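If you want the building blocks of each chain, they are given just below.
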Amino acid sequence: MAKVLPACPFLALLLLAPALATENERGLIINLEAGELCLQSIQCKSGCCHRTSGLSLARCAPKAPEFHDPCSLQNIYGVYYKCPCESGLTCDSDKSIVGSITNTNFGICRDPQDLYRRR
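Computed from a prediction, not measured in an experiment: that's the story for all the values here.

What follows concerns the nonpolar core. Counting seven residues, the largest nonpolar core is built from L32, C38, C44, C49, A58, C60 and V79. Leaving out residues up to four positions away in the same chain, C44 has contacts with L32, C38, C49 and C60. Listed in part, the six residues of the second largest apolar core include A64, C71, C85 and L89.

For the rest of this paragraph, the subject is the packing of aromatic side chains. Under the defined criterion, the tally for this structure stands at zero aromatic pairs. The cationic tip of K82 hangs over the ring face of F106; the distance from NZ or CZ to the ring centre is 5.8 Å.

We now examine the state of the cysteines. Scanning all chains against the criterion turns up five disulfides. Each disulfide pairs two cysteine sulfurs, and for C44 the partner residue is C60, the sulfurs being separated by 2.1 Å. Across the disulfide from C44 to C60, rotation about the S-S bond amounts to roughly -80°, and the bridge is consequently left-handed. You can see C44 sitting in the loop between α1 (4-21) and β1 (49-50) and its partner C60 sitting in strand β2 (residues 59-60), a full 16 residues away along the chain. Relative accessible area serves as the criterion here: at 4%, C60 is assigned to the buried category. Note that C85 is cross-linked by a disulfide to C109, the S-S spacing being 2.2 Å. Between C85 and C109, the disulfide has an S-S torsion of -100° and is therefore left-handed. With a gap of 24 residues between them, C85 in the loop between β3 (70-72) and β4 (90-93) and C109 in strand β5 (residues 106-110) connect regions that are remote in the sequence.

Turning our attention to the pairing of β5. One ladder, built from three bridges, connects β3 with β5; its direction is antiparallel. Bridging from a neighbouring strand, C71 pairs with G107 of β5. Across four bridges, the pairing between β4 and β5 is antiparallel. Within β5, the position partnered with T90 by the bridge is R110.

Below, the discussion takes up the pattern of salt bridges. Using the criterion set out here, one finds two salt bridges in the structure. Salt-bridge contacts for K45 lead to E33; the nearest nitrogen and oxygen are separated by 2.6 Å. Taken together, the residues K45 in the loop between α1 and β1 and E33 in the loop between α1 and β1 connect sequence positions 12 residues apart. Between R110 and D92 there is a salt bridge whose closest N-O contact spans 3.0 Å. Of this pair, R110 sits in strand β5 while D92 sits in strand β4, and the two are 18 residues apart along the sequence.

Calculation rules
Residues numbered from 1 in each chain as written. Predicted model: local features only at pLDDT ≥ 70, side-chain atom pairs only at ≥ 80, totals over all residues. Heavy atoms only, no water. Core = buried A, V, L, I, M, F, W, Y, C linked by side-chain atoms within 4.5 Å. Buried < 20%, exposed > 50% of the residue type's maximum accessible area, 1.4 Å probe, protein only. Contact = heavy atoms within 4.5 Å. Phe/Tyr/Trp six-rings, centres within 6.5 Å; stacked < 30°, edge-to-face > 60°. Lys NZ or Arg CZ within 6 Å of the ring centre and 35° of its normal. Disulfide = S-S within 2.5 Å. Helix = DSSP H or I, 4+ residues; strand = E, 2+ residues; numbered from the N terminus. Pairing = 2+ DSSP bridges. Salt bridge = Lys/Arg side-chain N within 4 Å of Asp/Glu carboxyl O.

Written out as structure tokens, the structure is:
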């Protein structure tokens, strides 16, 4: 019985090693890097599946930084012409029904704390 106990931790480590190794690796369907082809934003590490036109292939792209790049509001399609803002920022844009349908609600990323201070 004493010989069986040392084998248990070894066996557990042997079984868990593949799972621990794949934790940080890139996947084929999810956890995609910037520049890789995507169908939905949930597949990308950045959370933005971006296309330049209606006929182009969508690729993972970084989210929009504050005051630099135009941004889109979060939408139900999961593919954007302009990426949403980075975490902690809000997209200051026109919120129209037509813009939501045509995916053209573009704006600029702003820090919500700055907006409250200006008022």
